[in-house]
Amino acid sequence: IVLGAVLLLANGWRFSGKPNAATTLAAGATSGFLNGLSGMAGPPIAFYYLAGRDTAAQVRANLTTYFVFVDLLAIAVFASRDLIGWSTGVHGLVLAPAVILGGLIGERLFPLASEAFYRRLALGLLVGVAIGSLML
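Because the structure is predicted, anything quoted here is derived from the model rather than measured. (Residues numbered from 1 in each chain as written. Predicted model: local features only at pLDDT ≥ 70, side-chain atom pairs only at ≥ 80, totals over all residues. Heavy atoms only, no water.)

Colleague: Report on the packing of helix α3 (residues 42–50) against helix α4 (residues 56–80), specifying residues and quantitative values.
Modeller: Taken N-terminus to C-terminus, the directions of α3 and α4 make an angle of 155 degrees; their axes are 10 Å apart at the nearest point. Between α3 and α4, the crossing angle belongs to the class labelled roughly antiparallel. Read as a crossing pair, α3 and α4 show a hand that is right-handed. Listed contacts from α4 to Gly42, Ile45, Ala46, Tyr49 and Leu50 of α3 are Val59, Asn62, Leu63, Tyr66 and Phe67. Taken together, the residues of the contact of α3 with α4 break down into eight nonpolar, two polar and no charged. (Axes fitted to C-alpha atoms, helices over the stretch in contact; angles between N-to-C directions. Helix = DSSP H or I, 4+ residues; strand = E, 2+ residues; numbered from the N terminus. Parallel < 35°, antiparallel > 145°, perpendicular 65-115°, else oblique. Left-handed = near helix turned anticlockwise from the far one by under 90°. Contact = heavy atoms within 4.5 Å. Nonpolar A, V, L, I, M, F, W, Y, C, P; charged D, E, K, R; others polar.)

Structure (structure tokens):
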């Protein structure tokens, strides 16, 4: 599914309509379904935003906001079901500096990227996700 979406976007397909409540709800529901099924909430939302006419800055801001809320909700749900132990917290603390560093580097490099480069990079990351999920 992800590779098919990447092929559509790579060939220049864009959603010609304006985003509305129905399309946003469909993208969110698909993301939620895939998150529950496979833990991969990102591809439907990335496809939704990349298929639109928004600028790279708008896409980046929307995706960042979306994933902050999805991750916070996931942590709350996991914690409420006692699925997060001390080892998970320790792993999170050990990995936090790498996440912060990656965010800072991305923040510095983002203004240097063209719209076309950003979209190509995003599509490349989606291909990586798709191939990685097939290998699991």
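Colleague: Describe the environment of Ser31, with residues and values.
Modeller: Along the chain, the position of Ser31 falls in helix α2 (residues 21–38). When its relative accessible area of 0% is taken as the criterion, Ser31 is described as buried. Between the alpha carbons of Ser31 and Val127 there is a distance of 17 Å; along the sequence they are 96 residues apart. Each residue touching Ser31, except ones within four places of it in the same chain, is listed here: Ala41, Pro44, Ile45 and Tyr66. A distance of 2.7 Å separates a polar atom in the side chain of Ser31 from the backbone oxygen of Ala41. (Buried < 20%, exposed > 50% of the residue type's maximum accessible area, 1.4 Å probe, protein only. Polar contact = N/O pair within 3.5 Å; in protein donor to acceptor, adjacent residues only side chain to side chain.)

Colleague: Could you give an account of the nonpolar core, naming the residues involved and the relevant values?
Modeller: Counting residues in hydrophobic clusters, the biggest one holds 19 residues, and the most contacted among them are Tyr49, Leu50, Val59, Leu63, Tyr118, Leu123 and Leu126. When residues of this core are traced back to their parent elements, those giving at least two are α1 (2–10), α3, α4 and α6 (115–135). Among residues more than four places away in sequence, those in contact with Tyr118 are Leu50, Ala56, Val59, Arg60, Leu63 and Phe110. (Core = buried A, V, L, I, M, F, W, Y, C linked by side-chain atoms within 4.5 Å.)

Colleague: Mind laying out unusual backbone geometry, listing which residues take part and the relevant values?
Modeller: Positive phi outside glycine occurs at Asp82, with the angle close to 55 degrees. For Asp82, the position within the fold is in the loop between α4 and α5 (86–109). We classify Asp82 as exposed; its relative accessible area is 70%.

Colleague: Break down the packing of α4 against α6 for me, citing the residues and quoting the values.
Modeller: At a minimum axis separation of 9 Å, α4 and α6 run at an interaxial angle of 40 degrees. Residues Ala56, Val59, Arg60 and Leu63 of α4 lie in contact with α6, whose contacting residues are Glu115, Tyr118 and Arg119. Its residues assigned to classes, the contact of α4 with α6 comprises four nonpolar, no polar and three charged.

Colleague: Could you give me a rundown of a nonpolar patch on the surface, with the residues and numbers involved?
Modeller: A cluster of nonpolar side chains, namely Val68, Phe69, Leu72, Leu73, Ile75, Val77, Phe78, Leu83 and Ile84, defines an oily patch on the protein surface of about 860 Å² accessible area. By secondary structure assignment, the location of Leu73 is in helix α4. Overall, Leu73 belongs to the exposed group, its relative accessible area being 56%. (Patch = residues over 30% accessible without salt bridge, like charges linked within 9 Å, V, L, I, M, F, W, Y side chains within 5 Å. Areas by Shrake-Rupley, 256 points an atom, 1.4 Å probe, with all protein chains shown as cover. Salt bridge = Lys/Arg side-chain N within 4 Å of Asp/Glu carboxyl O.)

Colleague: With reference to specific residues and values, describe α6.
Modeller: The terminal C-alpha atoms of α6 lie 30 Å apart, and with 21 residues this matches the ideal 30 Å at 1.5 Å per residue to within 8%. Against α1, α3 and α4 lie the buried residues of α6. (Expected span 1.5 Å × (residues − 1).)

Colleague: Can you break down the packing of aromatic side chains residue by residue, with the values?
Modeller: Here the structure, examined in full by the defined rule, presents four aromatic pairs. Pairing Trp13 with Phe47 gives two aromatic rings, centres 5.9 Å apart and planes at 0 degrees, and the pair type is stacked. Of this pair, Trp13 sits in the loop between α1 and α2 while Phe47 sits in helix α3, and the two are 34 residues apart along the sequence. Note on Phe110 and Tyr118: the rings are 5.6 Å apart at their centroids and 90 degrees apart in plane angle, and the pair reads as edge-to-face. For the pair Phe110 and Tyr118, a shared accessibility class is recorded, and that class is buried. One cation-aromatic arrangement involves Arg60 over Phe110; the distance from NZ or CZ to the ring centre is 4.5 Å. (Phe/Tyr/Trp six-rings, centres within 6.5 Å; stacked < 30°, edge-to-face > 60°. Lys NZ or Arg CZ within 6 Å of the ring centre and 35° of its normal.)

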